[in-house]
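Fold and geometry: a report
Residues per chain, in single letters:
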Amino acid sequence: MTAKPLKFIFVTGGVLSGLGKGLSSAAIGSLLEARGLKVNFLKLDPYLNVDPGTMNPIQHGEVYVTEDGVETDLDLGHYERFTHMEANSQNNVTAGRVYDSVIGKERRGEYLGGTVQVIPHVTDEIKERIHRAGENVDILIVEVGGTVGDIESLPFLEAIRQFRADVGRENVCNVHLALVPFIAAVGELKTKPLQHSVKELQSVGIAPDIILCRTDRHLPRSVKSKIGLFCNVDEDAVVTAKDVDNIYELPLAFNEEGLDEKITRVLGIWTGAPNLGAWEELIRSLKAPEAEVRIAMVGKYVDLSDAYKSLNEALYHGGIGNRCSVKIDYLDSEKLTDTAVLSQAHGILVPHGFGSRGTAGKIEAVRYAREQKIPFFGICFGMQICVIEFARNVAGLKSANSTEVDASTPHPVIDFMPEQREIEGTGGTMRLGGYPCSLREGTVAHSAYGTFDISERHRHRYEFNPEYRERLENAGLMLSGSSPDGKLVEVVEISDHPWFLGSQFHPEFKSTPFAPHPLFVSFIRAARSRSDGLEH
Ligand code: GLN
């Protein structure tokens, strides 16, 4: 028996960025999974950073961390939330990484004295990575970041063009997503920008098989046939990608438009009808929440909610687990001077963060949540802030701090571990990816997870300083989770409070709509109790 040929879907975008290419790719993956196919994803990012780890979240959105400890693009989060793929270092490749590897090979003499060029050396490197990401699955979905026409994208597009010839036309489906705006002044949907972006794609030798039209309304047949005519695709290959209220509606919306059917036809795959029962059930429950819970998120990157993408989703998932909707109010910690604005919150969350800016506001938010007994969740830096606040205001260590915020604090309750200090100076080592953690019996963490041994993903340099362990424990801070060898503190709690927990790790990276993360379910449950209490 011959093995089934691996199939590839390439997703490109045009007109402008931010049209939802990542979500569309994820939704396509979920539909193919629902047809019993095994999918994997590859995000190609045309920028020259080797990885997005050093990029400003305001510019680039969240840095998503994989289980194997790689800092990647946030689209990998969409893929993991929509499908069963398990993201690792092979699922995100930047131009920087490709060039780094090509130049490394050149330096080692691996090109045997040849002239190293974009074609074939860079394009071969890209194609090799596409093949690698496609191992052991039925379909690989490759999303090309940026928009068609960007200078940086060219080597990637050229690699994709060659790819179809390499693996056979019938094994590739090109999907192009572009904007079809409705211009109110003339009352018309305009297809010209989309036509231009398809032309741009065709000019580098790529013909789309399917065109996804991002619009705010359903495309009438006349518009679809016009696009089909001008862009040289069948009318039924022009698919409306209408705005949805909730991102999880996307798979069903695409299915209604016949997208998965069309993809399987282009790729010559026979499958039964997709089993979308779980998605339908999810949407039914999302549309009929019993209550609304309001969470105040006190952070630094509040102007761009993409900076907290996974966190937002995990909170919504916590709502799904409690049959309620979650509304997030973003508060800038730098501007938080009066904590009274937090009084109506049903829960308060301090997220991850780097650097000292805005820490005072975060500390005050923690104090308010602790004193007013408002459910509180601190994540990564948020947990470190809990420790600082507790040290200062409960344990009496007035000027306690993290050495990240104040290098000369007399009470460095959050600090580098001694072994880290030796290698600091070179930029330091970040603890990245999945690490095991043991939970203590009788804690909120243990009852939420229902197990003693867990593993969660990390992304931080600083740690709870073990020298302050005893003092803070004696003052009432509960160290409810630690590394299995007991050295690193991973979870802190306080008792005599409805829900107060800080985790050094990022639980949000492991939450999905179908398996809401236990800590978020538990947190939202506590917030929901408070909301019920405030109403009565
Ligand atoms: N800045 C902190 C550290 O490096 C926390 C990082 C984070 O919140 N992800 O330890």
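An account of the accompanying structure is given in this report. These figures come from a predicted structure and were not determined experimentally.

Some thoughts on the site of the ligand
Lining the immediate environment of the ligand, one finds His352, Gly353, Phe354, Cys380, Phe381, Gln384, Glu404, Arg459, His460, Arg461, Tyr462 and His506. A distance of 2.7 Å separates a nitrogen atom of the ligand from a polar side-chain atom of Glu404. In this structure, Arg459 approaches the ligand through a main-chain N or O atom, which is 2.8 Å from a nitrogen atom. Of the residues contributing to the shell around the ligand, the split by class is four nonpolar, five polar and three charged.

Notes on the packing of aromatic side chains
How two aromatic rings sit relative to each other is given by the distance of their centres and the angle of their planes. Evaluation of the coordinates by the stated rule reveals 14 aromatic pairs. Ring centres 4.8 Å apart and planes at 85° place the aromatic pair Trp279 and Phe514 in the edge-to-face group. One end of the pair, Trp279, is in helix α11 (residues 277-287); the other, Phe514, is in the loop between β23 (500-503) and α18 (518-535), and 235 residues separate them in sequence. The class of Trp279 is buried, set by a relative accessible area of 5%. What makes Phe514 partly exposed here is its relative accessible area of 40%. For the pair Phe377 and Phe520, a centre-to-centre distance of 5.1 Å together with 50° between the ring planes defines the contact as tilted. Taken as a pair, Phe377 in strand β15 (residues 376-379) and Phe520 in helix α18 lie far apart in primary sequence, 143 residues in all. Owing to a relative accessible area of 0%, Phe520 belongs among the buried residues under this scheme. Through a chain of ring-to-ring contacts, the aromatic side chains of Phe82, Tyr248, Trp279 and Phe514 assemble into a single cluster. Its guanidinium or amino end placed over the ring of Phe182, Arg217 lies 3.4 Å from that ring's centre, counting from NZ or CZ. The ring of Tyr435 carries Arg431 above its face, with NZ or CZ at 4.9 Å from the centroid.

Concerning the nonpolar core
Counting 57 residues, the largest nonpolar core has Ile9, Leu32, Ile139, Leu194, Ile227 and Ile263 as the members making the most contacts within it. The element best represented in this core is helix α1 (residues 21-33), accounting for six residues. Counting residues in hydrophobic clusters, the runner-up holds 37 residues, among them Ala365, Ile385, Val387 and Ala391.

Some details on the sheet that holds strand β1 (residues 7-13)
Strand pairing within a sheet occurs via backbone hydrogen bonds; the two strands may be parallel or antiparallel. Strand order in this open sheet of seven strands is β5-β2-β6-β1-β7-β10-β11, and the pairing throughout is parallel. For this open sheet the edge positions go to β5 (92-94) and β11 (238-242), each flanked by a neighbour on one side alone. This sheet shows a mean twist of 20° between the axes of neighbouring strands, independent of strand direction. Across five bridges, the pairing between strand β7 (residues 172-179) and strand β10 (residues 210-215) is parallel. Residue Leu179 lies in a different strand from β10, and its bridge partner there is Arg214. Against the sheet, helix α4 (residues 95-107) engages β2 (39-45) and β5, with an angle of about 70° to β5.

Here we look at the state of the cysteines
Applying the stated criterion to the full structure yields zero disulfides. Sulfur of Cys213: no disulfide; nearest cysteine sulfur belongs to Cys231 and is 8.1 Å away. Distance from the sulfur of Cys437, which forms no disulfide, to the nearest cysteine sulfur (Cys380) is 13 Å. In this structure Cys437 comes out as buried when scored by relative accessible area, which is 2%.

As for the pairing of strand β19 (residues 453-460)
Of all eight residues that make up β19, six are buried, and the element is covered over most of its length. Where strand β18 (residues 431-439) and β19 come together, eight bridges link them in antiparallel fashion. Looking at the pairing, Gly434 lines up with Arg457 of β19.

Notes on the environment of Glu62
One can find Glu62 in the loop between α2 (57-60) and β3 (64-65). Exposure remark for Glu62: the relative accessible area of 3% places this residue in the buried category. Between the C-alpha atoms of Glu62 and Leu74, which are 12 residues apart in sequence, the distance is 5.7 Å. Aside from chain neighbours lying at most four places away, what touches Glu62 is Thr72, Leu74, Asp306, Ala307, Tyr308, Lys309, Ser310, Leu311 and Phe509. Reaching out from Glu62, the side chain makes a polar contact with the backbone nitrogen of Lys309 at a distance of 3.4 Å. At a separation of 2.6 Å, a polar atom in the side chain of Glu62 contacts the side chain of Ser310.

With respect to the side chain of Asn401
Along the chain, Asn401 turns up in strand β16 (residues 400-402). Take Asn401: its relative accessible area is 9%, and that puts it in the buried class. If sequence neighbours within four positions are ignored, Asn401 has contacts with Ile388, Arg392, Asp406, Thr409, His411, Pro412, Val413 and Ile414.

A short note on the packing of helix α5 (residues 118-133) against helix α6 (residues 154-167)
One way to put it is that α5 packs onto α6 with a least axis distance of 9 Å and a crossing angle of 65°. Here α6 runs roughly perpendicular to α5, going by the angle between their axes. Read as a crossing pair, α5 and α6 show a hand that is right-handed. On α6, the residues that touch Val118, Ile119, Val122, Thr123, Ile126, Lys127, Ile130 and His131 of α5 are Pro155, Phe156, Glu158, Ala159, Gln162, Phe163, Asp166 and Val167. Residue classes in the contact of α5 with α6 are distributed as 10 nonpolar, three polar and three charged.

Basis of the calculations
Residues numbered from 1 in each chain as written. Predicted model: local features only at pLDDT ≥ 70, side-chain atom pairs only at ≥ 80, totals over all residues. Heavy atoms only, no water. Near = heavy atom within 4 Å. Polar contact = N/O pair within 3.5 Å; in protein donor to acceptor, adjacent residues only side chain to side chain. Nonpolar A, V, L, I, M, F, W, Y, C, P; charged D, E, K, R; others polar. Phe/Tyr/Trp six-rings, centres within 6.5 Å; stacked < 30°, edge-to-face > 60°. Helix = DSSP H or I, 4+ residues; strand = E, 2+ residues; numbered from the N terminus. Buried < 20%, exposed > 50% of the residue type's maximum accessible area, 1.4 Å probe, protein only. Lys NZ or Arg CZ within 6 Å of the ring centre and 35° of its normal. Core = buried A, V, L, I, M, F, W, Y, C linked by side-chain atoms within 4.5 Å. Pairing = 2+ DSSP bridges. Axes fitted to C-alpha atoms, helices over the stretch in contact; angles between N-to-C directions. Contact = heavy atoms within 4.5 Å. Disulfide = S-S within 2.5 Å. Parallel < 35°, antiparallel > 145°, perpendicular 65-115°, else oblique. Left-handed = near helix turned anticlockwise from the far one by under 90°.

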